[in-house]
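Close look at the chain arrangement
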Amino acid sequence: MQSETAAHPPSRLAGHFASLPVQDNAARLGMWLFLSTEVLLFAGLFVCYASYRFLYPETWAAGSRLLSLPLGTINTVVLIGSSFTVALAVDFAKQGKNRLVFFMLLLTLAAAATFLVIKGFEYSHKFHAGELPGVHFHMKETEGLLPGMPLFFSVYFAATGLHALHVIIGAGVLTWMALKAWRNHFSVGNYVAMENAGLYWHLVDLVWIFLYPLLYLI
Amino acid sequence: MDPKDYKKNVAEYADAAHGVVHSHFRTYLIVFMALLLGTALTYTTGRMHLGNWALVIALVIAFTKGTLVAMYFMHLAEAKGTTRLLMGICLLFIAVLIGYVLGDFGTRFRPANSQGSKWSDLPASSTTRGESPDMPRELGTTP
Amino acid sequence: MSQSASSNPAAAPAEGHAPHKSYLTDGTTVRSWLLSVDHKRIAIMYLVLILLAFLVGGIFALLVRIEHLSPGPTIMDAMTYNRVFTLHGVVMVFLFLVPAVPSIFGNFLLPIMVGAKDVAFPRLNLLSLYLWIFGAGLALWGMINGGADTGWTFYTPYSTTTTTTVAPILVGVFILGMGGILTGLNFIVTVHTMRAPGITWFKLPLFVWASYGTAVVQVLATPVIGLVVLLTAADNTFHIGLFDPARGGDPVLFQHLFWFYSHPAVYIMVLPAFGIISEVVSAFSRKNIFGYRMIAYSTLGIAFVGFFVWGHHMFVSGESTLDAGIFSVITMLVGVFTAIKVFNWVGTVYGGAVDFKTPFAYFCGFLFFVVFGGMTGTALGVVSLDVHWHDTYFVVAHFHFIMVGAAMMAFLAGLHYWFPKMFGRMYHEGWGLTGATLITLGFIVTFVPQFLAGNYGMPRRYYEYPEQYQALNVISTLGALMLFTGFFTILCYLIYALRHGKLATSNPWDSHGYEWRTASPPTTHNFDGPQPFFPEEPHLYTTKPAPEAQHAV
Ligand SMILES: [Cu+2]
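Not measured: the values here are computed from a predicted model. Residue numbers restart at each chain and count upward from 1, following the sequence in its written direction. Key to labels: chains lettered from A, ligands numbered from 1, both in the order written. Two thresholds apply to this predicted model, a pLDDT of at least 70 for residue-level local features and 80 or more for giving and counting side-chain atom pairs, whereas whole-chain, interface and lining totals are computed over all residues. Side-chain measures were taken over the full set of non-hydrogen atoms in the model, leaving aside hydrogen atoms and water.

Helix and strand labels come from DSSP, where a helix needs a run of H or I of at least four residues and a strand needs a run of E of at least two; each type is numbered from the N terminus. Within chain C, the regular secondary structure consists of 17 helices and two strands. Our radius of gyration is a C-alpha quantity, and the globule rule it is checked against amounts to 2.2 Å times the number of residues to the power 0.38. Its C-alpha radius of gyration of 23 Å places chain C within 12% of the 24 Å reference for a compact globule of 553 residues. Over its C-alpha atoms, taken along the principal directions, chain C stretches across nearly 70 × 60 × 45 Å. Exposure is judged per residue with a 1.4 Å probe applied to protein chains only, and the accessible area is read against the type maximum: over 50% gives exposed, under 20% gives buried, and values in between give partly exposed. Of all 553 residues assigned to chain C, the portion counted as buried reaches 64%. The contact rule is simple, with two residues in contact once any of their heavy atoms fall within 4.5 Å. When contacts within chain C are restricted to residue pairs at least 6 apart in sequence, those whose partners lie at least 24 apart make up 82%. Working note: accessible area of chain C is about 18900 Å², and carbon and sulfur atoms make up 70% of it. Note on areas: these come from Shrake-Rupley sampling with a 1.4 Å probe, and a residue is covered only by the protein chains present in the view.

Written as structure tokens, this is what we have:
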């Protein structure tokens, strides 16, 4: 898939596919299958969350109050905004407007960076307060200590850590797409790579949409 | 592949060749606003001390937001049946997994549940509360 | 491999004039193999690697059996024994059984069977091979440097506190899982988008149906264990304690998540085996497959129901009796779907003109083992019986009947059936039947005594045992040696056949399977010229007489 072939869609057809629509459909279906594995990967963490919330409801309520709600909310807005810009980037790629794709991806990457920086602040605060998973858990005040509290932070760090990893990977993919847009790669009929990258980023957003209320609010 | 999809795709490509591509900008903007509204809503209700309802409301809002993202940003609304079936099965599996596991905790022999939890009658041990982080890990270790 | 291939002039198939080279001779450098995106070359590389893994796992199995020759210590100390049986389980499950049939035969045959030139994403396919190599390397490295002693199930809290090296093996399992997911994803997309004109869903060969069902399970189940092994590795290394009872965690939650994958994983192992058997039984009975649709539907049925029965592994782990009851009942459904298949295979053989070749010999063994293993499985799925049999050799014998008796026998059936397809050479039929006899008898002698020992109460994974079980253990070990002899025989004559075997015609079995419509071995792009058209159903040997068809309508 070189950029110079973009103007002639038939030439990016791989030899083993019947036609370009079939090839693009295969790419889409493949991406959705991959997304389903991501959903089920996070599902395991949501099961851990549900289990321990079920066993320790008071601890979970107390634990969510130990997290920084303003930072979490800002991050939610940032991610939703980035999802919006990515959706627009896909839309512009469909129309072959590479400049706008590039600009939208730049905004998205800025949002991703903001998200990670804020997350970093949150983490460093947790490290100082000793609100850490498992054996590393040692809170200074005694008032917040409830049974199962180390578990809350195990789930918190596992879930947000895995999510942050996905943000980093997604940002990497989007950077690659931005480079493609910079080289005028996308054109009418040749945008499935951007579409799939967009799907991945939306999934990252989707996971956070569930993590935010579950961890920070209730 | 389904001949129907094939036709739809070919039509789309023919459209694309003539430069007839519809912009989704307006839809995306509306969805974006709705998502921000949902965030504001979940923020306010989350702070209102609604007890058990807080979880229900938060989940309903999260599901609504998630559906909006999936349906419009990710175009699941116009996707093939296979894709939607796939996502449906994923949700089913998550529900079954959570259902079985919580059902297990809720109905098992109570002393088999974690000490200090709501579903156990035994008091929490000190480490469960996280009071003595320096407890040697080697207690359960084999030589 | 490439050497034997380069000396192979079978590139020109029986049809004559083939300007295209066979995939084996199209490029003979090492590089042309290692960087090949041809699904057939990838399959052959998998074949070599996975058989090596099987050898490693087999040696560990033999060591375990030899250790049990006497009730006390025989050749190793207790800690070594723990490591050896763990390594046997990990290697056999994650390096051999799970990837074997999909990665080898699925990769080789699925694109040919749907009339495609390659899988949908050839480079992802190559990546999955390298993920396998990397994951296997990491796991083996961990096994050599310390080695786990947890059993292949990695139950917490033991796996998070043991001093042996569990973490690299767990990460290796995660990487292997990623490779498996990519293979499965590739198969699903291939079947959806790349079927040749004329191949509708219900004209897919049954091996494709089986591979498709397997791929779905692989894609949907593997992520969950991926997460669990990562959490357990993190717990083992950083003590995050998510399943640690000392921190309020619940080890049974680990088991829930673990078995959510690992029960469906049984179907990742046996569903493709069922697919092979469906192909073999039809080809060597020279008869249309009986109940094509029912076999296809039951494949999906097993794949789906397999996701709702995982709790039958936890009846004595403190799981609630309500959950146990529900899981127990749903487990019986798996038996129904499997029985549908068994009846259909038997129905296919009935009245057929059986050509008793090596693959059919394996089918005969398979049929017996899958029925026996399946029925003991449903028995184990009953809560009250499981309480007695749980963690005894009865369970060990049961799942070896399914894993070795069903999956391994079918693997060998497929290997013999498709050997001419893959390499363009024939093996010696007499040796083939000898090998099949040795394997079948060796298997019976190894595992039937284990059923008895388990029923008398001998627990699994114990280093020592009371003297009363010695006779049964000695018989079992002798059977294992017989199995080993059988595998060694097969290895010898197959390697001999690679170089010196008779040249195969493009369809030596006169099979009507789609895959036999190309040359043996196939050319690089499977078919010369445009995508082929398949007017007939698969497994069509006799056209149905008209009156019967009318009656059916
Ligand atoms: Cu099971």
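For chain A, the helix and strand inventory stands at six helices and zero strands. Reading the secondary structure of chain A in the N-to-C direction produces α-α-α-α-α-α. If you line up chain A on its principal axes, its C-alpha atoms span 70 × 30 × 25 Å. Here the contacts in chain A between residues at least 6 apart in sequence split such that 76% fall between residues at least 24 apart. Total accessible area on chain A stands at roughly 7000 Å², and carbon and sulfur atoms take up 71% of it. Treating the 12 positive side-chain charges of chain A as one cloud and the 11 negative ones as another, the clouds have centres 8 Å apart. Charged-residue counts in this description rest on Lys and Arg as positive and Asp and Glu as negative, His and the chain ends being excluded. A charged residue contributes its charge at one atom only: NZ of Lys, CZ of Arg, CG of Asp or CD of Glu.

With that settled, consider the interface of chain A and chain C. In many reports, interface size means the accessible area that the parts give up when they come together. Listed per partner, the contact involves 31 residues of chain A and 32 residues of chain C. Together, the buried faces of chain A and chain C total about 2600 Å²; carbon and sulfur atoms form 77% of this surface. Just to be clear on terms, a salt bridge is a Lys or Arg side-chain nitrogen sitting within 4 Å of an Asp or Glu carboxyl oxygen. Our count for the contact surface shared by chain A and chain C stands at zero salt bridges. Within 3.5 Å is the distance limit for a polar contact, defined as a pair of N or O atoms, with the added protein rule that one can donate a hydrogen and the other accept it, and that residues adjacent in sequence qualify only through two side-chain atoms. Our count for the chain A to chain C interface comes out at four residue pairs in polar contact (both at pLDDT 80 or more). Of all the secondary-structure elements, those providing two or more residues to the side of chain A that touches chain C are α1 (20-55) and α5 (149-182) of chain A. Considering every element that reaches the side of chain A that touches chain C, the biggest residue donor is α1(A), with 17 residues. Split into classes, the residues belonging to the side of chain A that touches chain C amount to 20 nonpolar, eleven polar and no charged. Here the quantity called buried area is the accessible surface, traced with a 1.4 Å probe, that two parts lose on coming together, added over both. Residue polarity follows a fixed list, in which Ala, Val, Leu, Ile, Met, Phe, Trp, Tyr, Cys and Pro are nonpolar, Asp, Glu, Lys and Arg are charged, and the others, Gly among them, are polar.

Here we take up a nonpolar patch on the surface. A patch consists of residues whose relative accessible area exceeds 30% and which take part in no salt bridge; residues with like charges are grouped when within 9 Å of each other, and nonpolar side chains (Val, Leu, Ile, Met, Phe, Trp, Tyr) when within 5 Å. Taken together, the side chains of B:M48, B:L50, B:W53, B:V56 and B:V60 present a nonpolar region at the surface, about 490 Å² in accessible area. Overall, the relative accessible area of 30% leaves B:L50 in the partly exposed class.

The next point concerns the coordination of the copper ion. Residue and element names in this part refer to chain C. Counted as donors are N, O and S atoms no farther than 2.8 Å from the metal, or 3.2 Å for Na, K and Ca; water is not among the atoms, and sites may therefore look incomplete. Protein coordination at the copper ion comes from H263 (ND1), H312 (NE2) and H313 (NE2), with a distance range of 1.7 to 2.0 Å. Counting the intervening residues between successive donors of the copper ion yields the motif H-x48-H-H. Here H312 lies in the loop between α10 (292-305) and α11 (321-349) and H263 lies in helix α9 (residues 251-285), a separation of 49 residues in the sequence. The buried category is assigned to H263, whose relative accessible area is 5%.

This part is about the environment of A:G170. All names here are of chain A. Summarising the element assignment, G170 is placed in helix α5. Residue classification places G170 among the buried residues on the basis of a relative accessible area of 1%. Separated by 21 residues in sequence, G170 and M149 place their C-alpha atoms 31 Å apart. Each residue touching G170, except ones within four places of it in the same chain, is listed here: Y200 and W201.

All names here are of chain C. Scored between 0 and 100, pLDDT is the confidence that the predictor attaches to each residue. Taken as a whole, chain C shows an average pLDDT of 88; of its residues, 94% reach a score of 70 or greater. Considering only residues more than four positions removed or in separate chains, one finds that residues 1-18, a stretch of pLDDT under 50, has 34 contacts. Long-range and interchain partners of residues 546-553, a stretch whose pLDDT sits below 50, account for zero contacts in this model, where long-range means more than four residues apart. The complex model carries a pTM of 0.90, and its ipTM stands at 0.91.

All names here are of chain C. Interaxial distance between helix α12 (residues 358-380) and helix α14 (residues 393-423) falls to 8 Å at its minimum, and their mutual angle equals 155 degrees. When the interaxial angle is binned, α12 and α14 end up roughly antiparallel. Here α12 and α14 pass one another in a crossing that is left-handed. For the contact of α12 with α14, the per-class residue count stands at 17 nonpolar, nine polar and no charged. In this description, a line fitted to the C-alpha atoms serves as the axis of each element, helices being fitted only across the stretch in contact, and the angle between N-to-C directions of two axes falls anywhere from 0 to 180 degrees. Angular relationships are summarised with four words: roughly parallel below 35 degrees, roughly antiparallel beyond 145, roughly perpendicular across 65 to 115, and oblique for the angles in between. In this scheme the crossing of two helices becomes right-handed for a clockwise turn of the near helix relative to the far one and left-handed for an anticlockwise turn of less than a right angle.

Moving on, we get to the confidence of the model for chain A. Of the residues in chain A, 93% reach a pLDDT of 70 or more, and the chain-wide mean stands at 87. Residue range residues 1-10 of chain A is modelled with pLDDT below 50. Its contacts to residues more than four positions away, or to other chains, number twelve contacts.

This next bit is on the pattern of salt bridges. Under the defined criterion, the tally for this structure stands at eight salt bridges over all chains. With its nearest N and O atoms 3.1 Å apart, the salt bridge here joins B:R110 to B:D121. Here the residue B:R110 occupies a position in the loop between α4 (81-107) and α5 (126-129), and B:D121 occupies one in the loop between α4 and α5, the gap between them amounting to eleven residues. Given the relative accessible area of 32%, B:R110 is considered partly exposed. Salt bridges sharing partners connect three or more residues here, namely B:D104, B:R108 and C:D250.

The next point concerns the packing of aromatic side chains. Two measures describe an aromatic ring pair: the distance that separates the ring centres and the angle between the ring planes. Any two rings among Phe, Tyr and Trp, with Trp reduced to its six-membered ring, count as a pair given centres within 6.5 Å; such a pair is stacked if its planes are under 30 degrees apart, edge-to-face if over 60, and tilted if neither. On inspection of all chains with the given rule, the structure shows 74 aromatic pairs over all chains. Taking the centre distance of 6.5 Å and the plane angle of 50 degrees together, the rings of A:F84 and B:F25 count as tilted. Here the residue A:F84 occupies a position in helix α3 (residues 69-94), and B:F25 occupies one in helix α2 (residues 25-46), the pair thus bridging two chains. Overall, the relative accessible area of 37% leaves B:F25 in the partly exposed class. Taken together, a centroid distance of 6.0 Å and an interplanar angle of 80 degrees make the contact between B:F93 and C:F260 edge-to-face. Here C:F260 lies in helix α9 and B:F93 lies in helix α4, a pairing that spans two chains.

Residue and element names in this part refer to chain A. Under the 1.5 Å per step criterion, the end-to-end length of helix α6 (residues 192-217) is 37 Å for 26 residues, consistent within 8% with the ideal 38 Å. What the bend at a residue measures is the angle between two axes, fitted to the seven residues ending there and to the seven starting there. The axis of α6 is deflected most strongly, by about 30 degrees, at L211, and proline P213 appears within four residues downstream. Of all 26 residues that make up α6, 26 are buried, and the element is covered over most of its length. Expected helix span is computed as 1.5 Å times (number of residues minus one).

This part is about unusual backbone geometry. Residues and elements named next belong to chain C. Note the cis peptide between T156 and P157, where omega equals 0 degrees. Residue placement: P157 occurs in the loop between α5 (122-144) and α6 (158-161). Put simply, S520 and P521 share a cis peptide bond, and its omega is -5 degrees. With respect to the secondary-structure elements, P521 resides in the loop between β2 (502-503) and α17 (546-552). Despite not being glycine, H239 shows a phi value in the positive range, around 55 degrees. By the secondary structure assignment, H239 is in the loop between α8 (206-238) and α9. Looking at H239, the relative accessible area reads 23%, which means it is partly exposed. Residues other than glycine seldom take positive phi values, yet H539 does so here, at roughly 55 degrees.

With that settled, the discussion passes to the nonpolar core. Nonpolar cores were defined as sets of buried Ala, Val, Leu, Ile, Met, Phe, Trp, Tyr and Cys residues, with membership established by side-chain atoms within 4.5 Å. Within the largest apolar cluster, 297 residues are counted, with the highest numbers of intra-cluster contacts made by A:Y52, A:M194, C:F94, C:F105, C:W345, C:F366 and C:F411. Segmentation into domains, and thus their bounds, comes from an automatic or database assignment. Summarising the domain contributions, this core has at least three residues from each of domain 1 (20-78) and domain 2 (80-111) of chain B. Once residues within four sequence positions are removed from consideration, C:F105 is found in contact with C:A100, C:L110, C:F207, C:I276, C:F411, C:G414, C:L415, C:W418 and C:M422.

What follows deals with the environment of C:G106. Residues and elements named next belong to chain C. If you trace the backbone, G106 turns up in helix α4 (residues 78-113). A relative accessible area of 0% places G106 in the buried class. Once the C-alpha coordinates of G106 and Y212 are considered, the two residues, 106 residues apart in sequence, prove to be 9.4 Å apart. Once residues lying within four places of it in the same chain are set aside, the contact partners of G106 are V101, P111, F187 and F207.

Moving on, we get to the interface of chain B and chain A. Chain B puts 65 residues into the contact, and the matching count from chain A is 63 residues. Taking both partners together, chain B and chain A bury about 5500 Å²; carbon and sulfur atoms supply 77% of that area. Inspection of the region where chain B meets chain A yields zero salt bridges. At the boundary of chain B and chain A, one finds three residue pairs in polar contact (both at pLDDT 80 or more). Secondary-structure elements contributing two or more residues to the side of chain B that touches chain A are α1 (3-17), α2, α3 (52-73), α4 and α5 of chain B. A per-class count over the side of chain B that touches chain A returns 37 nonpolar, 20 polar and eight charged.

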